[in-house]
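# Structural overview for review
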Amino acid sequence: MTGTVEQKLASQGITLHEPPNPVANYVPFVRSGNLLFVSGQICLGADGKLIAKGKLGAGVTVEQGNAAARGCAINLLAQVKAALGHLDKVARVVRLGGFVNSAPDFLDGPKVLNGASDLMVAAFGDKGRHARTTVGVASLPADASVEVEGVFEVS
């Protein structure tokens, strides 16, 4: 069943694909009460390939990183749909945590993570506005440029 949030995404050219499986000993999401915690999602596209690979500030541009963060957010929403059946059960995007594979002097991590934040607002309107942390890191799995995790209030 496609809900109104997915229809809104579709009108923007976004379709949710089958979410990737965990690559280690963890689960993709955990629900505790009315909170859904979604494990970090790297920037894999629907084709299973990285949207951006390598370090921001050392070969990967802010624009490429922003697109990668958007891809991470799409993967987060695919996991939310897998957990809940459809996205209309999201009452609020509570928090996003972003990890940016960064060169030591790269300072624009927040601009990169806007790709994920902007998608949440586009999907959920004011319910998509959230708290956020952006952290520059030395490396990420598969040399992905960005990884994003999320917490959602759900019904």
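Structure: see above.
This is a predicted model, so every value here is computed, not measured.

## Some details on a nonpolar patch on the surface
A cluster of nonpolar residues, V27, V30 and F37, forms a patch on the protein surface that exposes about 250 Å² of accessible area. Residue position: V27 is located in the loop between helix 1 (4–11) and strand 1 (29–32).

## Things to note about the environment of L36
Secondary-structure assignment places L36 in strand 2 (residues 35–42). The buried category is assigned to L36, whose relative accessible area is 1%. The spatial distance from the C-alpha of L36 to the C-alpha of V93 is 9.7 Å, given a sequence separation of 57 residues. Apart from residues no more than four positions distant in its own chain, L36 is found in contact with F29, V30, R31, V80, A83, L84, G150, V151, F152 and V154.

## Concerning the pattern of salt bridges
Under the criterion given, the structure shown has 4 salt bridges. The shortest N-O distance in the salt bridge between K111 and D108 comes to 3.8 Å. Between R129 and D126 there is a salt bridge, and its shortest N-O distance comes to 3.3 Å. When its relative accessible area of 48% is taken as the criterion, R129 is described as partly exposed. D126 gets classed as exposed once you look at its relative accessible area, which sits at 60%.

## Things to note about the environment of P28
In this fold, P28 is placed in the loop between helix 1 and strand 1. Separated by 117 residues in sequence, P28 and S145 have C-alpha atoms that sit 20 Å apart. Setting aside its immediate chain neighbours within four residues, P28 contacts P22, F37, V38, S39 and Q79.

## Remarks on the state of the cysteines
All told, the structure shown has 0 disulfides when counted by the stated rule. The structure places no disulfide on C43, whose sulfur is separated from the nearest cysteine sulfur, that of C72, by 5.0 Å. Look at C72 and you get buried, because its relative accessible area is 0%.

Thresholds, definitions, all that
Counting restarts for each chain, with residues numbered from 1 along the sequence as it is written. Owing to the predicted nature of the model, reporting of local features is limited to residues with pLDDT of at least 70; listing and counting of side-chain atom pairs is limited to 80 or more, with chain, interface and lining totals taken over all residues. Excluding hydrogens and water, the side-chain values take into account all heavy atoms of the structure. Only residues whose relative accessible area exceeds 30% and that form no salt bridge are eligible for patches; like-charged ones are grouped when within 9 Å, while nonpolar side chains (Val, Leu, Ile, Met, Phe, Trp, Tyr) are grouped when within 5 Å. Residue burial considers only the protein chains on display, and all accessible areas are found by Shrake-Rupley using a 1.4 Å probe. Any carboxyl oxygen of Asp or Glu that lies within 4 Å of a side-chain nitrogen of Lys or Arg is treated as forming a salt bridge with it. Elements are defined by DSSP. Helices are runs of H or I of four residues or more, strands are runs of E of two residues or more, and each kind is numbered from the N terminus. Each residue is assigned to one of three classes by its accessible area relative to the maximum for its type, calculated with a 1.4 Å probe on protein chains only: buried under 20%, partly exposed between the two thresholds, exposed over 50%. In this description, contact between two residues means that some pair of their heavy atoms is separated by no more than 4.5 Å. By disulfide we mean two sulfur atoms from cysteines, separated by a distance within 2.5 Å.

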